[in-house]
Amino acid sequence: VIVGAGLGMGFFGPQSRKAAAAYESGDTETARSIESRINLVGVLDTVLVVVTVAAMVGKWGAVFG
């Protein structure tokens, strides 16, 4: 949760503002590049959340411990 909040404030927010500014100025190539990075980090963030939930719900201690 903390990592997700940090990414939201420190990465997603600023990058989204940059993409919006690029679209407003007509620079769609830069905006799409920024969106690509946002999507990649979004997927990684989602995987982190899924793994965290699986670790909390599953009995990984019995497997790894």
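Scroll up for the structure.
Residues numbered from 1 in each chain as written. Predicted model: local features only at pLDDT ≥ 70, side-chain atom pairs only at ≥ 80, totals over all residues. Heavy atoms only, no water.

### Side note on the environment of Arg32
With respect to the helices and strands, Arg32 occurs in helix α2 (residues 28–57). Judged by relative accessible area, Arg32 falls into the exposed class, the value being 55%. Distance in space between the C-alpha atoms of Arg32 and Gly10 is 19 Å, their sequence separation being 22 residues. (Helix = DSSP H or I, 4+ residues; strand = E, 2+ residues; numbered from the N terminus. Buried < 20%, exposed > 50% of the residue type's maximum accessible area, 1.4 Å probe, protein only.)

### Remarks on the nonpolar core
Within soluble globular proteins, side chains that are nonpolar generally end up buried alongside one another. In terms of nonpolar packing, the biggest core is built from six residues, these being Phe11, Phe12, Ala19, Ile34, Ile38 and Val41. Sorting the residues of this core by element identifies α1 (2–24) and α2 as the ones contributing at least two each. Setting aside chain neighbours within four positions, we find Ile38 in contact with Phe11, Phe12, Gln15 and Ser16. (Core = buried A, V, L, I, M, F, W, Y, C linked by side-chain atoms within 4.5 Å. Contact = heavy atoms within 4.5 Å.)

### Things to note about the environment of Tyr23
As for its position among the elements, Tyr23 is in helix α1. Contact partners of Tyr23, with chain neighbours within four places excluded, come to Thr28, Ala31, Arg32 and Glu35. A distance of 3.2 Å separates polar atoms of two side chains, one belonging to Tyr23 and the other to Glu35. (Polar contact = N/O pair within 3.5 Å; in protein donor to acceptor, adjacent residues only side chain to side chain.)

### Details of the packing of α1 against α2
At a minimum axis separation of 8 Å, α1 and α2 run at an interaxial angle of 165°. When the axis of α1 is compared with that of α2, the two are roughly antiparallel. Of the two elements, α1 crosses α2, and the hand of that crossing is left-handed. For the pair α1 and α2, the contacting residues are Val3, Gly4, Leu7, Phe11, Phe12, Gln15, Ser16, Lys18, Ala19, Ala22 and Tyr23 in the first and Thr28, Thr30, Ala31, Arg32, Ile34, Glu35, Arg37, Ile38, Val41, Gly42, Asp45 and Leu48 in the second. Each residue belonging to the contact of α1 with α2 can be placed in one class, and the counts come to twelve nonpolar, six polar and five charged. (Axes fitted to C-alpha atoms, helices over the stretch in contact; angles between N-to-C directions. Parallel < 35°, antiparallel > 145°, perpendicular 65-115°, else oblique. Left-handed = near helix turned anticlockwise from the far one by under 90°. Nonpolar A, V, L, I, M, F, W, Y, C, P; charged D, E, K, R; others polar.)

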